[in-house]
Amino acid sequence: MNYSIALVPGDGIGPEVIAPATEVLDAVGDLYGHVFHYVELEAGGKAIDSWGEPLPRATLDAAKQCDALLLGAVGGPKWETLPGHLRPERALLGLRAGLGVFANLRPAALLPQLKDACPIKDEVLRASNPQGKPHFDLLIVRELTGGIYFGERGRENEGKSAFDTETYSWEEIERVLRIGYRAAGLRRKRLCVVDKANVLESSRLWREVASVVAQEYPEIETSYLYVDNCAMQLIRAPGQFDVILTSNLFGDILSDEASVLTGSIGMLPSASLSDFVPGHKGPMGMYEPIHGSAPDIAGKDLANPLGTILSVGMMLRYSFNLEQEAAAVEAAVQAVLDSGLRTKDILNRNALPGTEKLVGTKAMGEAVYTALLKA
Ligand code: IPM
Ligand code: MG
């Protein structure tokens, strides 16, 4: 099959992590007989520099024509003083809204190879794991195109008051719930709706919709948690979670928290979807590592490319329904970690001598490429 992929390398470490990810995709193509055709596009700071705006119409239009979009990262100090509507982050919000990718899947699992990078004590991890293992494996499904990120906002009282509004419609909640339930169906069949229904009316609507949609998925166990409690439970007992389903703002916050538990934000991929039916090729999806543009380490061959490579894995699975290929990419990443290669963010300084080896972005990418071809 032929696939067209919009590439937005972006700013900071973005281009450095995108390069190895496309090499890995090309290896998948060679191995399984697919052709990946790339359309490189500008967004974020780079687009501000060349077009005067973070998300040029041409970028969005071209992205819509592709089968998937792979984004590195956008933003940096150079553009931080620009007014809100001209900041690089607007490109992300514009792409999400423009592509209609309302469901953001952010998996966070503790890999056995990185166990020592997890800031939580072994016994605490074991206590909440159903098998008593020092392990957790959860998936945050974050609503991505609604809520306070896109609600009405402004200033009043001569600029001395400001407001942002959280608005959700029944349909917006229902469609992301369905994706959450389908994802839970492929996992351990537990879904936890996270909200602030003890205070917010919009959260009470989330619960109302969830209680109706839940009836269509009797095989999935549905539970509810307030977001403050969830933030605490993630640290206290992460092993209790399978799928966490939540609003845009709560998902933003909880996914950063969850990423720290896995040892490094550099490891984590994400998928943003407008639909997901297991076993079928999906519509246009957007894939990106969770980390930002990390300007402090840009251009130094220090970034961890694994979050982006694993995002390519998610692309193969969710947009192209290429499960075998996705699993091969994940296995190659595991093999490289097993061999002891580590970028700086995941290096264990207390590891036994000779068990871990510090490598840069390029060497890490090449190792995954080689592992994929060898498998
Ligand atoms: C994320 C980021 C973005 C968000 C920012 C950069 C706008 O934090 O993808 O989680 O808040 O959604
Ligand atoms: Mg965030």
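**Concerning the domain arrangement of the chain**
Here comes step 1: By the assigned domains, the chain splits into domain 1 (1-107 + 279-375) and domain 2 (119-261).
Here comes step 2: Between the C-alpha centres of domain 1 and domain 2 the distance comes to 24 Å.
Here comes step 3: For the pair domain 1 and domain 2, the summed buried area comes to about 1400 Å², and 68% of that belongs to carbon and sulfur atoms.
Here comes step 4: For the domain 1 face of the interface with domain 2, the top three residues by lost area are F102, N104 and R106, together amounting to 48%.
Here comes step 5: For the interface between domain 1 and domain 2, the tally reads 0 salt bridges.
Here comes step 6: Linking domain 1 to domain 2 there are 4 residue pairs in polar contact (both at pLDDT 80 or more).
Here comes step 7: Counting only elements with at least two residues in the side of domain 1 that touches domain 2, the list comes to α4 (89-99) and β4 (103-109).
Here comes step 8: Looking at the side of domain 1 that touches domain 2, the element that brings in the most residues is β4, giving 5 residues.

**A short note on the pairing of strand β3 (residues 68-73)**
Here comes step 1: By the criterion of burial, β3 is predominantly enclosed, with 6 of the 6 residues buried.
Here comes step 2: Where strand β1 (residues 2-10) meets β3, 5 bridges bridge the pair, whose relative direction is parallel. Looking at the pairing, L7 lines up with L70 of β3.
Here comes step 3: In terms of strand pairing, β3 meets strand β12 (residues 285-289) through 3 bridges, oriented parallel. Within β12, the residue paired with A68 across the bridge is G285.

**Section: the pattern of salt bridges**
When their charged atoms lie close together, side chains carrying opposite charge are able to pair.
Here comes step 1: The final tally for this structure, using the stated rule, is 21 salt bridges.
Here comes step 2: Residue E89 is joined to R87 by a salt bridge in which the shortest nitrogen-to-oxygen separation is 3.4 Å.
Here comes step 3: For R87, a relative accessible area of 26% translates into the label partly exposed.
Here comes step 4: Ionic pairing is found between R207 and D195, a salt bridge with its closest N-O pair at 2.8 Å. Taken together, the residues span a long stretch of sequence, with R207 in helix α7 (residues 201-213) and D195 in strand β8 (residues 190-195) at a distance of 12 residues.
Here comes step 5: Relative accessible area serves as the criterion here: at 23%, R207 is assigned to the partly exposed category.
Here comes step 6: For D195, a relative accessible area of 1% translates into the label buried.
Here comes step 7: Through salt bridges with shared partners, a single ionic network connects D137, R187, R188 and D242.

**Thoughts on the site of ligand 1**
Here comes step 1: Contacts to ligand 1 come from E89, L92, R96, R106, R142, Y149 and D252.
Here comes step 2: Measuring from an oxygen atom of ligand 1, one finds a side-chain N or O atom of R96 at 2.7 Å.
Here comes step 3: One nitrogen or oxygen atom from the side chain of R106 is found 2.8 Å from an oxygen atom belonging to ligand 1.
Here comes step 4: Taking 320 Å² as the accessible area of ligand 1 by itself, protein coverage stands at 73%.
Here comes step 5: Here ligand 1 occupies the second largest pocket.
Here comes step 6: Considering every element that reaches the shell around ligand 1, the biggest residue donor is α4, with 3 residues.

**Observations regarding the sheet that holds β4**
Here comes step 1: Reading across the sheet, the 10 strands line up as β2-β1-β3-β12-β11-β4-β5-β10-β8-β9 and stay open at both edges, with mixed pairing between neighbours. Unpaired on one side and paired on the other, β2 (35-40) and β9 (221-226) mark the two borders of the sheet. On average, adjacent strands in this sheet sit at an angle of 25 degrees to one another, irrespective of strand direction.
Here comes step 2: In the packing of α4 onto the sheet, the strands contacted are β3, β4, β5 (137-143) and β12, and the crossing angle to β12 comes to about 155 degrees.

Parameters and conventions
Counting starts from 1 at the beginning of each chain's written sequence and moves along it residue by residue. Here every chain gets a letter starting at A, and every ligand a number starting at 1, in the order they are written. Local features in this predicted model are restricted to residues whose pLDDT is 70 or higher, and side-chain atom pairs enter the listing and the counts only when it is 80 or higher, whereas totals over whole chains, interfaces and linings include all residues. Each side-chain value is derived from all of the structure's non-hydrogen atoms; neither hydrogens nor water enter the calculation. Source of the domain bounds: an automatic or database domain assignment. Accessible area that two parts lose when put together, evaluated with a 1.4 Å probe and summed over both, is termed the buried area. Within this document, salt bridges are pairs made up of a side-chain nitrogen of Lys or Arg and a carboxyl oxygen of Asp or Glu, the two lying within 4 Å of each other. Polar contact criterion, stated in full: a pair of N or O atoms within 3.5 Å, where within protein one must be able to donate a hydrogen and the other to accept it, and residues adjacent in sequence count only if both atoms are side-chain atoms. Helix and strand definitions here come from DSSP, where helices need a minimum of 4 consecutive H or I residues and strands a minimum of 2 consecutive E residues; each element is numbered from the N-terminal end. Throughout, exposure labels follow a simple rule: accessible area from a 1.4 Å probe, protein chains only, divided by the maximum for the residue type, with under 20% read as buried, over 50% as exposed, and the rest as partly exposed. Pairing between strands is defined by DSSP: at least two bridges between them are needed. Here, proximity means that at least one heavy atom of the residue falls within 4 Å of the molecule or strand. The protein chains shown are the only cover counted for residues, whose accessible areas, like all others here, come from Shrake-Rupley with a 1.4 Å probe. Lining residues are defined by having an atom within 4 Å of a point belonging to a cavity or pocket. Those points lie on a 1 Å grid over the protein atoms alone, cavities being sets where a 1.4 Å probe fits but cannot get out and pockets being open sets with protein on both sides within 12 Å along at least five of seven lines. By definition, a pocket or cavity contains a molecule when more than half of the molecule's atoms lie within 2 Å of the pocket's grid points. Fitting a line to C-alpha atoms yields each axis, with helices limited to the stretch in contact; the angle taken between N-to-C directions then spans 0 to 180 degrees. Any two residues whose heavy atoms approach within 4.5 Å at even a single point are treated as in contact.

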